[in-house]
Amino acid sequence: MDVYLIAPVPEFGRDTLISDASLNLDDRFTLMAAAGIVTVAAFFDADVNLTLCDELIEDVDFANPAQVVCISMNVSQARRGIEIAQAFKALGRTVVMGGAHVSLAPEVFEGEADCLVIGEFETTAEEFMRDLRTGTLKPRYVGGKADMALSPLPRWDLYRNERVVSGVIQTSRGCPFECHFCDVIQYLGRTQRHKPPERVIEECQLLYDHGYRNISLSDDNFTVYRKRTRELLEVLETWNGRNNREPVQFSTQASIDIARDQGVMDLCNQAGVRDIFIGIETNSDEALQESKKRQNLKQDLVKQTQAVVKSGIVVSSGMMIGFDSDTLNCFERQFEFGMALPVVTIRVTVLVAPVATPLYATMKAEGRLVEDSNEVSFAGTDCWTNIIPKNMTRKQLAEGAIWLVDALFEPDNVIKRFEHVASLLKPAPEHLRRHSKAKIAGSGVMLKLMRSGAKDPSARRVIDAVNELTRARPEIAWDLSPILVKYLNTYFAIKRSSMLRSSQIERVS
């Protein structure tokens, strides 16, 4: 049996306002591997002929002979996923759809596939595979909450690892917080489930053997359960850079309350967790209160972020605009806030109401969802909110968001934030500083970005500034280099998509 597993390309471009859009230089690449399809691939029997496609790094092969086509998608991939499904159905193939957005809004995908997998695949995999074998696939499979200790090892051997900067290990599912705009807790629950530390190490070694020296620990909140966090960090510390292994740089996601636990931050430094994404969002307590992001309330977010960086952790942050309490001055306020943070990579998003979230229910009850069904069902894929704002128009919010991205990523402002980071950042322990020149996964990607940046006068100014900082502090060179790669990727995405500004902004008033 031939099976084709596809991760559709997300809706990237200027108006997504994100920092991880992947560009087509000479070859296509991605900053982050598509962990979903390699995870699902592990459940197929050895005699099934599997082909994987991450559309970020290669075109979908519509001539692929597979009779069964499986498409896994989140909200940013959903529209493209439907297009792919329609094309394969027209060719007479059996199409299966699954993933986060299918699970949250299955009604959107009715009729687009022969089979929908709703919820976590692990709990229905045995039944699905049996029915697939006998040609009796059901229209729907509804899964429950998976035991993460029981999942087989992902099939990274089927993936094009040479076109990726960072591998991925899912270390937990779920988050106990209740941010009203978050759909993760609707899909995965508020009771966090953890992969055993020994299993995480097994996956670390697997990715290491495939050449990865950057690994994302995919965790909705890595530090929310401190006992588990410490146990995992201690195991990572005994593995990373030991027994003649080259050091690995780990990244993950946490909340700002990590700044209040010096012991955990020190363990991160020892284990090589050098980059943490924190949803800082806004310095408006009123906005934080309305969104139920209580973990950020009444905190000095700048001072706490500085404490994290001083402990040896590079911070990437989320910044959100469009709360009910936001007025037209929120864009300049958020710019000033962003410039005060020791953070280079700032992901700006416009507040949207994703399907199945408490915010969606509230906006629907208030009659404040836009009428366009596409914008409601696929919210969050561009700079247009699916909410009717209180204190501005949707067009003003979109224009302000684009202005904020431009201002934050203007080269002089980026250089200031690089300098801020370099002035604070504690270096990694000696055994976790990379000295080898060996080729690793993603090195070609990074080199091409650097070469492209060197040809652009504005980008070259940032590269030269970072080189100066590296010469002054060579012990943090390995930390500054990935930040520079992320910046260059964002810079070229903004530059490439600037032509869309007029047509996109005029789309809605």
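Residues numbered from 1 in each chain as written. Predicted model: local features only at pLDDT ≥ 70, side-chain atom pairs only at ≥ 80, totals over all residues. Heavy atoms only, no water.

As named in an unreviewed UniProt entry, the protein chain is Radical SAM protein, taken from Pseudotabrizicola alkalilacus. If you open the UniProt record of the protein chain and go to Cofactor (unreviewed entry), you find "[4Fe-4S] cluster". (UniProt positions renumbered as here; feature names shortened; annotations may be inferred.)

A. Quick look at the side chain of Lys-293. With respect to the helices and strands, the residue Lys-293 is situated in the loop between helix 10 (285–290) and helix 11 (301–310). A relative accessible area of 9% means that Lys-293 is categorised as buried. Engagement of the side chain of Lys-293 in a polar contact is seen with the backbone oxygen of Gly-279, the distance being 3.4 Å. Apart from the residues within four sequence positions on either side, Lys-293 is in contact with Cys-179, Gly-279, Glu-281 and Leu-288. (Helix = DSSP H or I, 4+ residues; strand = E, 2+ residues; numbered from the N terminus. Buried < 20%, exposed > 50% of the residue type's maximum accessible area, 1.4 Å probe, protein only. Polar contact = N/O pair within 3.5 Å; in protein donor to acceptor, adjacent residues only side chain to side chain. Contact = heavy atoms within 4.5 Å.)

B. Structural view of the pattern of salt bridges. As enumerated under the stated definition, the model contains 32 salt bridges in all. The closest approach of N and O atoms between Arg-80 and Glu-83, which form a salt bridge, is 3.0 Å. In this pair, Arg-80 and Glu-83 both sit in helix 2 (residues 78–90), three residues apart, roughly one turn of the helix. On the accessibility criterion, Glu-83 (45% relative accessible area) is partly exposed. With a closest N to O distance of 2.8 Å, Asp-157 and Arg-155 form a salt bridge. Judged by relative accessible area, Asp-157 falls into the partly exposed class, the value being 46%. Note on Arg-155: relative accessible area 26%, which makes it partly exposed. If you follow the salt bridges from partner to partner, you end up with Glu-120, Glu-122, Arg-173 and Arg-193 in one network. (Salt bridge = Lys/Arg side-chain N within 4 Å of Asp/Glu carboxyl O.)

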